[in-house]
Every structure is written in C-alpha cells, then in structure tokens.
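# Working through the structure, step by step
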Amino acid sequence: MKGEVLGGVGLQMSRHDNVVTAIDDVEAGAVIPYDGGEVGVEEAVPFGHKIALVELAPGDEVHKYGEVIGRATERIEPGQWVHTHNCRSTRGRGDIADGEEEVA
Amino acid sequence: MESFAGFDRPSGPAGVRNYVAVIPVSVAASAVADAIAERAGEQVHSTPHQMGTDPPEQAREQIERTLSGIGTNPNVGAAVVVELGTESTDADAVADAIADADRDVEVLRIRERGGTSASVEAGVEAANRLWADIAGLERTEQDASQLIFGVECGGSDATSGIASNPAVGRACDRLVEDGGTASFSETSEFIGAEHILADRCESESLRERLLERVDFRESAAQLMGVDLRGAQPSPGNQEGGLTTIEEKSLGAIVKGGTTPVRGLVDYADSLPVGGGLVLMDTPGYDIESVVGKVAGGAQVVAFTTGRGSTTGNPIAPVIKVTGNPKTAERLASNMDIDVSTILEGESIESAGDRVYDLLLEVASGKRTAAELRRLEEFAINELQPNELAQLRESA
C-alpha cells in the first residue's frame, strides 16, 4: 500500500497530507501518532473516511495523495472527521459566480 | 513475453471470445435482437440499446461508430445487424464496416421480413448459420501485445484509490511493458487530477487536447448553472468516504498505471494495437464508458469497485476487482479478485501481478463472475445538446 498507516488507525498516503483515511471503523478516543505527538480522534469515523491531523481554518487546503482535494469550509480541529460537511471541492462549481470564489 | 490463448481473426488482433453479435441499430430493433440471441444459444450475444430511430446527425455518427466498433471487436467472429427499417442510423453502413474487417455479416430488416416473429425466426437462422462457420475456430497461443485492456471504475469508495485502482494500474503497467494497450476513460473523473495526466502526456499537442477536454466537461456543469457536487462524487461515493471530485479523480486515474499517456481518442473510436496507455474521452457513466472502450477494440475489461457493482458486457469479459474487504465478502459471487489484502500489507506489485495473471487467464477463456451470470449491460453514450453544439461548431 502506498503511504503509511499511523497507529493502526489511519492511512497517510503522502507525508504532506493533513488528513488520514480510516482503515477500519474508528471509535472516538482512538489515538493517532503524528509528528512526534498524538492526535486524539474526536468522533466516530467510518471506514474509508478522513480524519484531520492538524488544525484547519476555513479556506485551508485539504491534502490527500500529496494533492489538493478541496478546502475546509469551517474550522476543523485535529482528530475531527473531514467530509462534505466541512470540506468542499473547488472544481466544477457552476453554482459559484465568476470572481466570487477562485475556480482553479 | 507473456501470452494468452485466443482466436485468430482474418484482420486485426486476436479475440478472447468467439461470438456472433446481434446488433440492433435502434431501440425499435432491440427486442428482436434480444429474442434472436436468446433463442440462438450461448455463443450469440445481442447489444440492445435505447437510441432512437432519427437522432441528430452528429449523434447518429457516434451511434454508427459505436455499433461498427462493436461488430469489429476482436471477440466478434460474425454479426447480424438488425433494423426496423425506419432508422436514419444506417444498418448497411454498420454492416459494411464489419465486412471491411473481414467478418461475415447479415442485415435483417424487420419490416421487409414481415414483422417480429418472422424476423426472429430469420435472425435465429442467420445467427446459427454464421456461428456454424466460426464454431470450429480453436484457441492458439497469442502474444499479450495484441491485448487492448479497458479499465473502468464504478461504485468507488476510499478503497478504490488505495487498493483496487493501484492494483489494476500495476496490471496496466505490466501489459504496456509487454507491448499491449491499456485504456481508461470518464473525462469528468480527471477533474482535479488532470495536471498529473497532463504531465505524463507524450507531446505538447496531446497535453493541450487533454486539458481542453477536461475543461469542456467541467464547464458543461458550470454552463448549466449547477455544480458537480451531488453528482460527483455520487451519494454512494460520499457514503464510501469520497468528499470531492478531486479526491475521486486522484484515486481514479491510478487505475491506468504510471506509463506515459500516448493518446486520447473520442468515444468509441478505435484504440490502437500495441499503443501503450491511451485515454478515451467519455462521460462518467460506467456502462456507456465500458461500451465505448469495447467499441474501441478492448477485448477484456477490468472494473474496480469499492461499494460493489455487478455489471458486465455482452462482448468483452469484465473482471471485477474490489479493494473493500466487506464488499469482497458480501458480493463474493460477483467479484473475480479481492485485492483488499493490500490494506493488510500485500504489496501493490504483488496484488497487481495477480490481476495481470487473471487478465491472461480470462483472455484465455476463464469465465468471469459477470459472464457466468450473463450480466451483459449495454448502453451507448447519447450526445448532449452542448456537445452537439460544440461538434457542429468544430465541423
């Protein structure tokens, strides 16, 4: 598998990623060793879903595969579930008028 | 060099199956085509679809290209083309294309034959006659470089990008190394990952064309004043952990492997033999996308699925690959290979080599789960108004 499983909980596909992918259903309270410290998982996260490793401010890029997969739409704390409720695509956004938000 | 046991064709690469295809040119002839295949037996396969009798010109060209491609796929040894008789889609043009590939072909006209019963009767006779001529063909050793391998993903989840797609990508790399062709499609699922594909394009002109096609698919959504969310990723993809189109695309493109992108062809256009990795510009709908590649000449398809898909194809065997351990268990009877072992530590190389071995086995006659269950979905991409407008402009 490409990447590294941190603490048997989440797969970090590239070292630059700020989220990991849960490799099984994860309960709140699970611990992910990261960057010399620990990230406590704050809520139950289903298999295949993402968990933040760092704090993200609204507008911050979310990285997986070493690439940008979207931006945070609200503040995300380390250990929180990252999904459609707090992360959005920047692409194919016909709902956003030109200039209102960067469509890069 | 790897090899498989396939069927020599009078022209073009070897087939991995030996079928008589029954090809309706419109929805009006589809039921008759189905009835013929049903009655004529196991080696006779129909390709029913929903295309109307009088499509706009550019759409008609695409339908004819698709049906001609299906009739000349290496897995087809002979064909019956069926029309009601009112279609602008030209049954004779499709039959001519099939004859040009040195296959025997007959055209059945329902109105001239005196209706459905008489046509089914005549069609069964024709199919059996055509089958008798190719039934004696035996498999012989063929070089793997003759294979055109179509790869597809559907019902994707987070395991698709982690396990099944990288494993199939490894199999594509192996085939390309052995001189064959691998192809993947679904341009709307390049969005967010196109820079990676663009960097791998063999020439600047190819790179520009690829980026134009992605831009067109993306702007189509913008033109309609909708966004891709909700449709891309689909609600099922989202349930499986995929949040954005970028995330889905980054996971999807790895199924094509890591070799340079050597070409980009239109929907159902002919894929080159010995062509390396070649992309096909198709919409993001699995069935139509698979059919496009089979019309392009793909003899075998690998279909990765995380959440579970059961789909097949009437002409090409479809190998189901899952990287989701729950799907591997729940849908065991619809899956051909389980690479969820990657999540437990099997290397991508090892799992990918298993996929490549299975590809050669299936090419040599091993039946896939979809074949055993006669799952043979078929649909032709219908050009949308914005695509028709663009084609008219560029004509």
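Since this is a predicted model, take the numbers as computed values, not measurements.

### A word on the overall build of chain B
In terms of regular secondary structure, chain B is built from 15 helices and 13 strands. Each principal axis of the C-alpha atoms in chain B carries an extent, and together these give about 60 × 50 × 40 Å. For chain B, the residues scored as buried account for 61% of the 395 residues in total. Residue pairs in contact within chain B that sit at least 24 positions apart in sequence constitute 74% of those at least 6 positions apart. Accessible area for chain B stands at about 14,000 Å²; split by element, carbon and sulfur atoms hold 47% of it.

### So, the packing of helix α2 (residues 57–71) of chain B against helix α3 (residues 91–100) of chain B
Residues and elements named next belong to chain B. The N-to-C vectors of α2 and α3 enclose an angle of 35°; their axes lie 9 Å apart at closest approach. Every pair of crossing elements has a handedness; the one defined by α2 and α3 is right-handed. Here α2 contributes E64, L67, S68 and G71 to the contact with α3, which in turn contributes A93, V94, A97 and I98.

### What to know about the interface of chain A and chain B
Interfaces are frequently sized by the accessible area removed from exposure as the parts join. Each partner contributes to the interface: chain A provides 30 residues, whereas chain B provides 38 residues. Both sides together, the interface formed by chain A and chain B hides about 2,600 Å², and carbon and sulfur atoms give 55% of it. Contact with chain B buries surface across chain A, with M1, F47 and R91 of chain A losing the most and accounting together for 27% of the total. On inspection of chain A and its partner chain B, the count reaches four salt bridges.

### With respect to the packing of α2 of chain B against helix α11 (residues 286–295) of chain B
When two helices pack together, their arrangement is captured by the angle between the axes and the distance separating the axes. Residues and elements named next belong to chain B. Direction vectors running N to C along α2 and α11 enclose 60°, while the axes themselves pass 7 Å from each other. When the axes of α2 and α11 are compared, the pair comes out oblique. Here T66, G69 and I70 of α2 lie close against α11, whose contacting residues are V291, V294 and A295. Here the residues of the contact of α2 with α11 are counted per class, giving four nonpolar, two polar and no charged.

### A word on the confidence of the model for chain A
With 88% of its residues at a pLDDT of at least 70, chain A reaches an overall mean of 90. Contacts for the low-pLDDT stretch residues 97–104 of chain A, under 50 throughout, to residues beyond four places or in other chains number eight contacts.

### Focus on the side chain of T259 of chain B
Here T259 of chain B is to be found in the loop between α10 (245–252) and β9 (261–265). Not counting chain neighbours up to four residues away, the residues in contact with T259 of chain B comprise D173, V176, R200 and L277 of chain B.

### Describing a negative patch on the surface
Taken together, the side chains of D90, D96, D100 and D102 of chain B present a region of like negative charge at the surface. Relative to the helices and strands, D102 of chain B is located in the loop between α3 and β5 (104–109).

### Considerations on the packing of aromatic side chains
Residues and elements named next belong to chain B. Counted according to the given criterion, the structure contains one aromatic pair over all chains. A centroid spacing of 5.7 Å and a plane angle of 75° characterise the contact between F184 and F190, whose relative ring orientation is edge-to-face. The buried category is assigned to F190, whose relative accessible area is 1%. In this arrangement the basic side chain of K320 is found over the ring face of F303, its NZ or CZ atom lying 5.2 Å from the centre.

### Concerning empty space enclosed by the protein
Taken as a whole and judged by the stated rule, the model has one cavity of 30 Å³ or more. Lining the largest cavity we find Y65 of chain A together with C153, S156, D157, S160, G161, N165, L242, E247, K248, G251 and A252 of chain B. Elements with a contribution of two residues or more to the lining of the largest cavity: α6 (158–177) and α10 of chain B. Sorting elements by how many residues they give to the lining of the largest cavity places α10 of chain B first, with four residues. Looking at the lining of the largest cavity, its residues break down into four nonpolar, five polar and three charged.

### Remarks on α3 of chain B
All names here are of chain B. Here α3 has its buried residues at A91, V94, A95 and I98. Each buried residue of α3 sits inside an arc of 95° when the element is viewed along its axis, so together they form one side. The distance from a side-chain oxygen at the start of α3 to the backbone nitrogen of D92 is 2.9 Å, and the residue carrying that oxygen is D90. Where α3 terminates, the next one or two residues include D102, which has phi positive at roughly 65°.

### Looking at the sheet that holds strand β10 (residues 87–88) of chain A
Within a beta sheet, neighbouring strands are joined by backbone hydrogen bonds and run either parallel or antiparallel to one another. Sheet architecture is open: three strands sit in the order β7-β8-β10 (chain A), paired in antiparallel fashion. Every other strand in the sheet has two partners, leaving β7 (61–64) and β10 of chain A as the edge strands with one partner each. In this structure, β7 of chain A lies alongside strand β8 (residues 67–72) of chain A, joined through four bridges in antiparallel fashion. Residue pairing for β8 of chain A: H63 of chain A is matched across the bridge by V68 of chain A. Each of β7 and β8 of chain A is contacted by α10 of chain B, which is oriented at about 165° to β8 of chain A, the strand it contacts most.

### Topic: unusual backbone geometry
With the exception of glycine, the majority of residues adopt a negative phi angle, and the majority of peptide bonds are in the trans configuration. Residue and element names in this part refer to chain B. With a phi angle near 65°, D102 is a residue other than glycine that sits in the positive phi range. Residue classification places D102 among the partly exposed positions, given a relative accessible area of 45%. A positive phi angle, near 50°, is found at R374, a position not held by glycine. As for its placement among the helices and strands, R374 is situated in the loop between α14 (369–372) and α15 (385–394).

Criteria and thresholds
Residues numbered from 1 in each chain as written. Chains lettered and ligands numbered in written order. Predicted model: local features only at pLDDT ≥ 70, side-chain atom pairs only at ≥ 80, totals over all residues. Heavy atoms only, no water. Helix = DSSP H or I, 4+ residues; strand = E, 2+ residues; numbered from the N terminus. Buried < 20%, exposed > 50% of the residue type's maximum accessible area, 1.4 Å probe, protein only. Contact = heavy atoms within 4.5 Å. Areas by Shrake-Rupley, 256 points an atom, 1.4 Å probe, with all protein chains shown as cover. Axes fitted to C-alpha atoms, helices over the stretch in contact; angles between N-to-C directions. Left-handed = near helix turned anticlockwise from the far one by under 90°. Buried area = accessible area lost by both parts, 1.4 Å probe. Salt bridge = Lys/Arg side-chain N within 4 Å of Asp/Glu carboxyl O. Parallel < 35°, antiparallel > 145°, perpendicular 65-115°, else oblique. Nonpolar A, V, L, I, M, F, W, Y, C, P; charged D, E, K, R; others polar. pLDDT = per-residue confidence, 0-100. Patch = residues over 30% accessible without salt bridge, like charges linked within 9 Å, V, L, I, M, F, W, Y side chains within 5 Å. Lys, Arg positive; Asp, Glu negative; His and termini not counted. Charge placed at Lys NZ, Arg CZ, Asp CG, Glu CD. Phe/Tyr/Trp six-rings, centres within 6.5 Å; stacked < 30°, edge-to-face > 60°. Lys NZ or Arg CZ within 6 Å of the ring centre and 35° of its normal. 1 Å grid on protein atoms, 1.4 Å probe; cavity = no way out; pocket = protein on both sides within 12 Å on 5 of 7 lines; lining within 4 Å. Points joined across faces, edges and corners; volume = space filled by probe spheres on them. Arc of directions from axis to C-beta. Polar contact = N/O pair within 3.5 Å; in protein donor to acceptor, adjacent residues only side chain to side chain. Pairing = 2+ DSSP bridges.

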